[in-house]
Amino acid sequence: MIATLFLLGVGTIPAATSEARLLVAAESADRVYDLAFDGSDLSVREVIDVGYQATEIEGPHGLTVSPDGKHWFVSIAHGKPNGILYKYDAETHDLLGEAELGLFPATMQISPDTGLLYCVNFDLHGDMTPSTVSVVDVEGMVEIEQVVTGSMPHGSRLSPDGSRHFSCAMMSDELIELDAVTLEVVRRLELTDGTGRRAGGGHGPDAEAGAQAGAGGAPQHAAVAKPTWVQPHPTKPVAYVALNGVHQVLEVDLEKWKITRRFPTGRAPYNLEVTPDGTRLVVTYKGAQAVGVIDLKTGKELARIPTSRPIPHGVVVTADSRYAFVTCEDRGAAPGAVDAIDLETLRRVSSVDVGLQAGGIALFPATQRPVAPSRR
Amino acid sequence: MHRLLRRPAALHLRAASLIALLLAGAFAPAAAAQEEEAAPTRTLVVEPAELVLEIGQSAELSATLRDAAGDPVEGPVMFFSRSRKSLTVDREGKVSAIKPGTFEIVVRERRRRSGENQASRVGLGERLSVTVPVTVKLPDLALLEIGANPSTAVWTGTTIQLAAEGTDVNGADRAVTPTWSTRPAAVATIDNLGEVTVHAAGSFEVTAEAEGKLATMTLTAAANPITRLVVEADNTAPKTGDVVHLRVDAFNAAGEIITDVPVEVTFRARTDDDLGPGASGQIEAVEGTARAWRFVAEQPGRYTFVASSGNAAGRLGAVATARDVAGKFTLVGHGRVDDTHTSDLWVWEGLDGRDYAVTGTWGANGDAHFWDVTDPANIERISTVTIDARTVNDVKVSADGRICVLSREGASDRKNGIVLVDVMDPRNPKILSGFDDSLTGGVHNVFIDGDKVYALSASARYDSIDISDPGSPQRVGTYKVERPNPSIHDVWVEDGLAYSSNWSDGVHIVDVGNGMAGGSPDNPVKISSYAYPSGWNHAAFPFRQQETGKFYVAAGDEAFPYGLNTEGKPTYPRGWIHFIDFSDLESPRECARYQVPEAGTHNLWIEDDVMYVAYYNAGLRAVDVSGELMGDVYQQGREIAWFLPDDPEGHIPNAPMAWGPQPHKGHIFFSDWNSGLWAVKLER
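**Description of the environment of B:Glu209**
Residues and elements named next belong to chain B.
And step 1. Take Glu-209: it is sitting in strand E19 (residues 202-210).
And step 2. In this structure, the C-alpha to C-alpha distance between Glu-209 and Gly-563, residues 354 residues apart in sequence, is 48 Å.
And step 3. Ignoring anything within four residues of it in the chain, the contact list for Glu-209 reads Pro-178, Thr-179 and Leu-214.

**Focus: the pairing of strand E5 (residues 71-76) of chain A**
A regular strand carries its side chains on alternate faces of the sheet.
All names here are of chain A.
And step 1. The element E5 is largely enclosed, with a buried count of six among its six residues.
And step 2. The alternating pattern of E5 places His-71, Phe-73 and Ser-75 and Trp-72, Val-74 and Ile-76 on opposite faces, both of which are buried.
And step 3. Summarising the sheet, strand E4 (residues 60-65) and E5 pair through four bridges and their orientation is antiparallel. Paired with Pro-60 across the two strands is Ile-76, which belongs to E5.

**A short note on the sheet that holds strand E19 (residues 258-264) of chain A**
Either a parallel or an antiparallel arrangement is found when strands of a sheet pair, and the pairing is made through backbone hydrogen bonds.
All names here are of chain A.
And step 1. In space, the four strands of this open sheet follow the order E16-E17-E18-E19, with antiparallel pairing throughout. What marks the edges here is a single partner per strand, and that holds for strand E16 (227-232) and E19. On average, adjacent strands in this sheet sit at an angle of 25 degrees to one another, irrespective of strand direction.
And step 2. As paired elements, E16 and strand E17 (residues 238-243) share five bridges and run antiparallel to each other. Across the sheet, the residue bridging to Gln-231 is Tyr-240, located in E17.

**Description of the environment of B:Ala458**
And step 1. Within the secondary structure, B:Ala458 is located in the loop between strand E38 (452-457) and strand E39 (461-466).
And step 2. Judged by C-beta crowding, with 26 C-beta atoms within 10 Å, B:Ala458 ranks as buried.

**A short note on the sheet that holds strand E12 (residues 154-155) of chain B**
All names here are of chain B.
And step 1. Reading across the sheet, the four strands line up as E12-E20-E19-E16 and stay open at both edges, with mixed pairing between neighbours. Single-partner strands in this sheet number two, and they are E12 and strand E16 (179-183).
And step 2. In terms of strand pairing, E16 meets E19 through five bridges, oriented antiparallel. If you follow Trp-180 over to E19, its bridge partner there is Ala-208.

**A look at unusual backbone geometry**
And step 1. Cis rather than trans, the peptide bond between B:Glu47 and B:Pro48 has omega equal to -10 degrees.
And step 2. Along the chain, B:Pro48 falls in the loop between strand E1 (43-47) and strand E2 (51-53).
And step 3. B:Arg183 connects to B:Pro184 through a cis peptide bond whose omega is -5 degrees.
And step 4. Looking at the secondary structure, you find B:Pro184 in the loop between E16 and strand E17 (188-190).
And step 5. Positive phi outside glycine occurs at A:His93, with the angle close to 60 degrees.
And step 6. Classification of A:His93 as partly exposed rests on a count of 17 C-beta atoms within 10 Å.
And step 7. Here B:Trp503, not a glycine, exhibits a phi torsion of approximately 45 degrees, which is positive.
And step 8. Among the residues examined, B:Trp503 registers 23 C-beta atoms within 10 Å and is labelled buried.

Rules used in this analysis
- Residues numbered from 1 in each chain as written.
- Chains lettered and ligands numbered in written order.
- Predicted model: local features only at pLDDT ≥ 70, side-chain atom pairs only at ≥ 80, totals over all residues.
- Helix = DSSP H or I, 4+ residues; strand = E, 2+ residues; numbered from the N terminus.
- Contact = placed C-beta atoms within 7 Å.
- Buried ≥ 20, exposed ≤ 12 C-beta atoms within 10 Å, placed from the backbone.
- Pairing = 2+ DSSP bridges.
- Axes fitted to C-alpha atoms, helices over the stretch in contact; angles between N-to-C directions.

So, in structure tokens, the structure goes:
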């Protein structure tokens with residue numbers, strides 16, 4: 001049954017293109033970068049200052065582009081205390097509207113089914129209590145609901161048809177499915193590392209490992225697997241989940257609602273993307289300064305491609321499955337970067353520096369999921 | 001199975017059928033997905049097109065998709081409210097009114113198949129959507145009453161203020177704007193704001209009318225017995241900015257004091273300013289004290305206080321002279337930081353008897369710079385500590401000069417928190433420990449009081465952290481404003497009282513060890529608070545006014561209505577200092593402001609009745625805050641001196657952006673966002 005949900009999404013095949021326009025958020029610079037890729041080089045088209053409390057880092061974190069490409073949205077993580085969603089005109093970058101969300105709103109996506117935007121409220125502030133997913137009417141820029149999910153939800157992604165929303169609860173080790181229409185949590189899946197350790201019973205490595213350890217070392221929290229991202233497959237009833245804490249990617253059967261495969265990865269996988277042709281998985285390894293490309297048929301890592309700067313964060317893939325674009329945060333005053341990776345040659349072909357702590361990334365227009373070309 | 005099929009029969013998507021359709025639509029066969037896109041020829045009809053409801057009332061919306069021929073077609077829709085706390089709608093279209101107002105329900109066609117009924121594949125603009133306006137009526141007014149004036153007696157030649165109070169059919173208070181009238185008008189008249197003027201003795205009736213309801217009150221005016229008014233002042237030769245206290249005694253023809261008849265006091269001014277003077281002064285009644293007023297002159301000149309009641313009047317003259325406190329800041333030294341922005345500072349005497357300062361950095365490499373400022377004319381940068389952060393917004397040093405605390409934002413591991421640094425030898429500072437438990441979202445400000453650090457977290461609270469073992473800090477307490485979505489920006493601790501600045505929640509005073517409310521670091525107890533409407537409260541500095549003994553908190557704003565330019569050109573913030581009289585903790589009162597035009601405040605410090613304000617683009621300011629405070633301090637000539645930290649080699653050249661001041665051993669040190677650390681001397 002679930003399979004049909006995914007097949008429904010298959011539609012027209014977009015023309016393959018080597019050109020792309022993308023947006024990148026520099027979280028510690030309160031800036032969004034409008035970038036162009038011409039098939040060989042990345043370049044900065046425009047830089048947009050975002051935020052409202054000028055002398056504080058407000059942290060633009062998540063980005064998404066409306067399906068029609070006319071608007072883009074950025075989540076501002078820090079607020080008073082709640083974060084904000086801003087809506088911009090895609091051509092002029094004029095600010096068109098805003099909506100207050102929850103604590104530390106992060107990643108988000110607009111459903112092709114409902115037209116609503118779903119944004120996880122990551123609540124990075126350390127209170128390990130269940131947080132929420134904000135649901136926003138992007139025409140009126142009104143939050144119409146906040147749905148309680150899990151602790152530190154991240155990786156807000158929708159099924160190809162847009163009827164189901166998936167997010168990971170990083171600090172309660174859960175995959176959570178939300179009905180995008182009724183706005184109710186319909187299923188939860190405990191995510192383990194495969195050894196039997198359960199959330200609450202162990203001490204995993206630092207969340208978002210790969211960054212320099214804090215000077216004093218934080219108390220360990222209960223989570224073991226620390227899932228940070230989920231991405232449904234474009235045509236199959238499966239989803240892939242990055243387990244940041246145990247260096248694995250999971251394949252979850254969405255019909256049986258169980259873990260079916262585990263892929264070992266480089267250190268601290270963080271974000272991931274399935275290529276629109278459904279054959280490969282591109283994973284950022286936050287702790288390995290690299291991006292992994294995994295063959296979904298064999299489960300083997302085809303390549304581990306070094307990124308230009310440390311702490312790779314977000315990843316998107318062009319609709320023709322040819323290029324992946326990856327953000328790199330780096331540290332301190334070092335600029336962030338965006339890398340373009342050729343998924344045919346499995347090499348990094350271009351990089352461009354952007355602002356501090358480059359994280360969120362979105363393709364313009366969107367990755368055009370759920371459209372899938374014919375299989376390779 | 002859901003396909004884009006024409007159906008002969010109408011299908012209203014209501015009640016349980018909607019749920020069934022929602023589910024059915026999820027299981028279309030793959031073949032359907034390959035169909036050609038349908039032309040966007042359908043319409044969505046929602047009935048009724050608008051709703052008018054009473055509170056508590058419900059109504060149902062029906063939604064029908066129709067094809068180009070007007071025939072109903074099957075298809076799923078969804079309902080949502082754009083004001084869910086005032087108006088709800090369930091998934092079947094049942095709308096329920098909660099609060100009065102005008103709201104919107106959106107009925108939207110869902111689509112679970114790419115290319116379904118749209119020109120572009122998933123173009124939101126092509127989606128069928130209907131917005132239904134819903135008016136939830138105010139409950140009918142059930143009762144209108146005229147609020148009783150505290151004084152039931154009225155006298156000729158005086159005024160009284162009346163107010164109308166409404167109650168709705170649900171028994172709730174209801175704001176009304178009535179039409180007022182009196183009769184006979186020869187005895188009394190009333191204006192449209194409800195203020196009655198009594199012209200003659202006798203009875204008269206006051207009527208208020210609103211929404212078809214009437215309220216009446218009969219009053220009887222007596223002849224005003226006052227024949228003489230005597231105005232006294234505690235100072236008839238004030239300086240501008242001095243608060244003059246006025247007292248009025250009223251007498252009848254027999255020379256007896258009359259206490260129960262209203263008296264008004266105003267003033268007439270003839271200022272010395274012949275250059276187009278603005279406001280000359282300000283007068284107000286002293287709340288809670290009969291026949292008492294306070295006055296402050298903003299301009300030098302001659303003032304006449306006029307008391308009146310009925311036909312009686314009393315006058316008193318006063319001459320205000322210029323405050324004449326002008327001094328100047330003299331530049332002593334400058335420790336330039338030009339590679340990045342500078343944030344806060346702290347100055348202290350080191351264990352070796354020399355004087356040191358530490359400054360943070362903003363949007364950069366996580367540096368904190370240490371300076372030898374023993375000779376303020378030769379400020380020397382002596383060391384730098386770099387932590388994993390982009391902004392070290394706040395820096396504080398313990399009173400014993402041993403521990404420095406750095407706030408951390410933008411850490412690469414997003415754990416942030418605070419970092420403790422051993423500064424017993426500031427030339428060789430050593431990181432001792434970090435603490436980030438539940439401070440991971442970033443710490444913006446900190447304060448050290450004894451062996452406790454107060455650190456902000458989540459923009460919502462501050463934690464008290466025990467650093468008696470600096471290698472192993474431990475949280476011992478937390479204070480959070482008890483309001484939905486509380487927000488905090490800064491905290492300052494003095495005499496065991498914590499003064500937090502909480503944006504729209506204003507200043508909170510909390511016992512964290514003073515003992516007056518039984519509070520302690522692990523059991524913070526709120527004592528008092530005061531909020532002002534702008535919601536810009538960013539900093540707070542408490543001070544007991546030396547001459548009067550009054551206890552004030554100077555609350556500073558921060559606002560950037562015109563944005564922040566991080567590179568290349570200056571920034572133009574806004575905001576001012578609010579003086580809040582907390583002498584009566586039960587009843588704090590905002591009494592004065594200091595506002596430099598076209599500029600915005602940041603941090604401040606008050607010492608010996610002089611306020612030093614880092615006024616961002618207006619530079620460093622010194623202000624005389626001696627004596628009781630009232631009115632517009634800037635206009636009163638209380639400003640002593642100002643200094644613009646122009647630096648042609650600054651990170652943004654020649655763009656003053658004063659961040660925070662601190663007086664130390666006769667000098668005023670301050671940090672500037674664009675140019676680093678400065679030392680000036682105030683000459684009076």
